[in-house]
There are 2 protein chains.
Amino acid sequence: MSAETKVLAGITMSLDGYVTGPNDRPGAGLGDNGERLHYWVFGGPWTYDSPRGEPAAVDQAYLDDAFTSAGAWIVGRTMHDLVDGWGDDPGFGVPVFVVTHRAHEPVVKGDTTFEFVTGGIADALARARTAAGGKNVIVMGGADVLRQYLDAGLVDELTLTIAPVLLGAGKRLFDGLARTDLAFERFAVVESPFATHLRFRVRG
Amino acid sequence: MSAETKVLAGITMSLDGYVTGPNDRPGAGLGDNGERLHYWVFGGPWTYDSPRGEPAAVDQAYLDDAFTSAGAWIVGRTMHDLVDGWGDDPGFGVPVFVVTHRAHEPVVKGDTTFEFVTGGIADALARARTAAGGKNVIVMGGADVLRQYLDAGLVDELTLTIAPVLLGAGKRLFDGLARTDLAFERFAVVESPFATHLRFRVRG
């Protein structure tokens, strides 16, 4: 039996619904005070200017599962640029498709190829599915691209990582979502020391 | 050793951060489509005009714990009025303090006395503490009153019950919260068939 590609999405959200703080910008991709969203990624407090630690075991396992299952990734151009394309050695090991309005030649960095797709989210997904070869496609964000995939009913599983913080301002994941009929079936809760991963199957 | 009163608060929130749908009104206290927030309260789908079922065992246990621990409740006048004071037999068994701008004589219904407090949230809490006699005080909402207590740093534990639905509009719990420095320490996750109760200690 051959594997079947699932489209996964995951993003971290504050208790008040923000996926970035205000003023997200290069060098501060999660916005002002937004580092607190990703304490689970680095095993505790960090800042844009300080060294970063390793994830807790439970979070590392969650990340390892995602990376192992992924045959391709999709990301919005804004997010790609905010993190400077994950630097010189992104380490995805599989193709990353960047949804953008501005055409760009593919960029190869180490074992990662970035392909810039101007045909919209469905085209990016079609190309990612082909590249994934039966493994999963993971939509990593940002908020705008993830919302487009949810609105189109193209997401099979959504992991909302709830960070126990308030940001008060920034980008909200669900603002502007056109449909409210999506059904979310929780299939797992992962309790990290720094957040709670709520994992849902999404029914369109 | 005498018990020490804790101030608990609990409210149900959609994935997109709403604690009511739009148009909350008498007879439809959770607003349009807001019944979906409280599937966990009634053991599955219900509507404002249909019969309601019983909670799942895990939710009944959560509710029983709250009612057993409570020596007094606090509610905003808007919420009180939207649910018509819980009808003829509210069944709280302990005093309920209603935060309001409009003075009103106490109302006794069965084993429940409603006291209307015009002195603000701190006065309501002081009176509730006295009435609770060492048991807990529970702030049940609505959003505006709960937000005031959070802003004042008066909440010891907050249970955010995450309903796996999108509402798209309505009242947001955290809109207008003045402070973003509150620390939330998760101490329990309760997985209901219909929602996920995230329980936090709150540090001011």
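Residues numbered from 1 in each chain as written. Chains lettered and ligands numbered in written order. Predicted model: local features only at pLDDT ≥ 70, side-chain atom pairs only at ≥ 80, totals over all residues. Heavy atoms only, no water.

Draft legend 1. How the structure looks around the overall build of chain A. A count of helical and extended segments in chain A gives 5 helices and 11 strands. Here chain A has a C-alpha radius of gyration of 16 Å; the compact-globule value for 204 residues is 17 Å, and the two agree. Each principal axis of the C-alpha distribution contributes one length, and for chain A these read about 40 × 40 × 35 Å. Here chain A holds 204 residues, and 52% of them are scored as buried. By sequence separation, contacts in chain A at least 24 residues apart represent 61% of the contacts at least 6 residues apart. As presented, chain A carries roughly 8900 Å² of accessible surface, and 50% of it is formed by carbon and sulfur atoms. Side chains of chain A give 18 positive and 26 negative charges; the mean places of these two sets differ by 4 Å. (Helix = DSSP H or I, 4+ residues; strand = E, 2+ residues; numbered from the N terminus. Rg over C-alpha atoms; globule rule 2.2 N^0.38 Å. Buried < 20%, exposed > 50% of the residue type's maximum accessible area, 1.4 Å probe, protein only. Contact = heavy atoms within 4.5 Å. Areas by Shrake-Rupley, 256 points an atom, 1.4 Å probe, with all protein chains shown as cover. Lys, Arg positive; Asp, Glu negative; His and termini not counted. Charge placed at Lys NZ, Arg CZ, Asp CG, Glu CD.)

Draft legend 2. Expanded view of the sheet that holds strand β3 (residues 70-76) of chain B. All names here are of chain B. Ordered by their spatial adjacency, 9 strands build an open sheet running β5-β6-β4-β3-β7-β1-β8-β11-β10, and the pairing between neighbours is mixed. Both outer strands of the open sheet, β5 (107-109) and β10 (183-191), are each paired with one neighbouring strand and no more. On average, each strand axis in the sheet is tilted by 25° relative to the strand beside it, whichever way the strands run. Summarising the sheet, β3 and strand β7 (residues 136-141) pair through 5 bridges and their orientation is parallel. Each bridged residue has a counterpart across the sheet, and for A70 the counterpart in β7 is N136. (Pairing = 2+ DSSP bridges. Axes fitted to C-alpha atoms, helices over the stretch in contact; angles between N-to-C directions.)

Draft legend 3. Region of interest: the relation of the copies chain A and chain B. When chain A is fitted onto chain B, the two copies agree to an RMSD of 0.0 Å after a turn of 180° and an axial shift of 0.0 Å. The transformation just described matches what one would write down for a two-fold rotation axis. Rotation axis and chain A: the residue whose C-alpha lies nearest the axis is G17 of chain A, separated from it by 3.1 Å. Mapped onto chain B, 100% of the interface residues of chain A again fall at the interface, so both copies present the same surface. (Least-squares fit on C-alpha atoms with pLDDT ≥ 70 in both.)

Draft legend 4. How the structure looks around the pairing of strand β7 (residues 136-141) of chain A. Residues and elements named next belong to chain A. Within β7, 6 of the 6 residues are buried, which leaves the element mostly enclosed by the surrounding structure. As paired strands, strand β1 (residues 7-14) and β7 are joined by 3 bridges and run parallel to one another. Within β7, the residue paired with A9 across the bridge is V139.

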